[in-house]
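Inside the fold
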Amino acid sequence: MAELTVHHLENSRSQRILWLLEELELPYTVKRYARNALTKRAPPELRKVHPLGKSPVVTLEDGTVLAESGAILEALVERCDGRLRPAAGSEERRRYSFWLHYAEGSLTPPLLVGFIIDRLRKAPLPFFLRPVVKGIARKIDASYTHPELARQVDFIESELEGRSWLVGEELTAADIQMSYPLEALVARGDDVAALPRIRALVERMHARPAYQRALERGGPYDLKFT
């Protein structure tokens, strides 16, 4: 019997697709891809699966190709009759939809900018360019990255008050969608003590047996934003 296939790029968003599949107890196979050692980009082989050449990508049993984390999550939840998704029309469903889109729409952009700035700061440059580049990096951090991440952290921390998970007391697929940027946020090491609820939430995620099984299937995962 054919199984769906997850095209899994190391240290990437596709880890959360493996976690979701383990939570849903759906059978699947994993095809692993390594990043380019120099550029850290996905290999060209992924373009043979989907034109964007990114991960996650899922090939269904009938050959249908799904891309984009949120779309994949929603499709897999739907095939399991809405498991890990609150009932339609409920306040929990509204929160669920918000976090599902917030992950990539609001939280990921400043994390990505921060990652690019960090790489730029550490890049090998002619000595006369180093102070210029570092000065630009400091300005971007001061004017955008740091204040924007601080705003996002304050918001998430406040939303987690009195809740075990982002939607309520039960894990949902929205938590799984949020796992990657939250792990990246903690991995940055920016005054982790200032985000105790986020840190505790990530620890709860990591403690789930399905998360641990996903790590075994996906291979090494260092939680850095890549």
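About the cut-offs
Residues numbered from 1 in each chain as written. Predicted model: local features only at pLDDT ≥ 70, side-chain atom pairs only at ≥ 80, totals over all residues. Heavy atoms only, no water. Helix = DSSP H or I, 4+ residues; strand = E, 2+ residues; numbered from the N terminus. Rg over C-alpha atoms; globule rule 2.2 N^0.38 Å. Contact = heavy atoms within 4.5 Å. Areas by Shrake-Rupley, 256 points an atom, 1.4 Å probe, with all protein chains shown as cover. Lys, Arg positive; Asp, Glu negative; His and termini not counted. Charge placed at Lys NZ, Arg CZ, Asp CG, Glu CD. Core = buried A, V, L, I, M, F, W, Y, C linked by side-chain atoms within 4.5 Å. Buried < 20%, exposed > 50% of the residue type's maximum accessible area, 1.4 Å probe, protein only. Pairing = 2+ DSSP bridges. Axes fitted to C-alpha atoms, helices over the stretch in contact; angles between N-to-C directions.

Structural notes on the overall build of the protein chain
Of the regular secondary structure elements, the protein chain holds seven helices and four strands. Reading the protein chain from its N terminus to its C terminus gives the helix and strand order β-α-β-β-β-α-α-α-α-α-α. Compactness check: the protein chain gives a C-alpha radius of gyration of 18 Å against a globular reference of 17 Å for 226 residues, within 12% of the reference. When contacts within the protein chain are restricted to residue pairs at least 6 apart in sequence, long-range pairs at least 24 apart make up 70% of them. With an accessible surface of roughly 11,800 Å², the protein chain has 55% of that area assigned to carbon and sulfur atoms. Distance between charge centres in the protein chain, computed from 33 positive and 31 negative side chains, equals 9 Å.

A few points about the nonpolar core
Judged by nonpolar contacts, the single largest core of 51 residues is most densely connected at Leu20, Ile156, Met178 and Leu182. Elements represented by at least two residues in this core include exactly strand 1 (4–9), helix 1 (14–24), helix 2 (69–79), helix 3 (91–122), helix 4 (130–159), helix 5 (173–187), helix 6 (196–207) and helix 7 (209–218). The greatest single-element share of this core, amounting to eight residues, is contributed by helix 5. When residues no more than four places from it in sequence are discounted, the contact partners of Met178 are Trp99, Tyr102, Ala103, Leu107, Ile156 and Leu166. Formed by five residues, the second largest nonpolar core is a distinct cluster that contains Leu9, Tyr33, Leu46 and Val49.

Structural notes on the sheet that holds strand 2 (residues 28–33)
The four strands lie next to each other as 2-1-3-4, forming an open sheet whose pairing is mixed. Taken across any chain shown, the strands that pair with only one partner, and hence form the sheet edges, are strand 2 and strand 4 (65–67). Taken pair by pair, the neighbouring strands of this sheet meet at an average axis angle of 20°, ignoring direction. Helix-sheet contacts for helix 1 involve strand 1, strand 2 and strand 3 (57–59), and the interaxial angle to strand 1 is about 145°. Strands strand 1, strand 3 and strand 4 of the sheet are contacted by helix 2, whose axis makes an angle of about 125° with strand 4.

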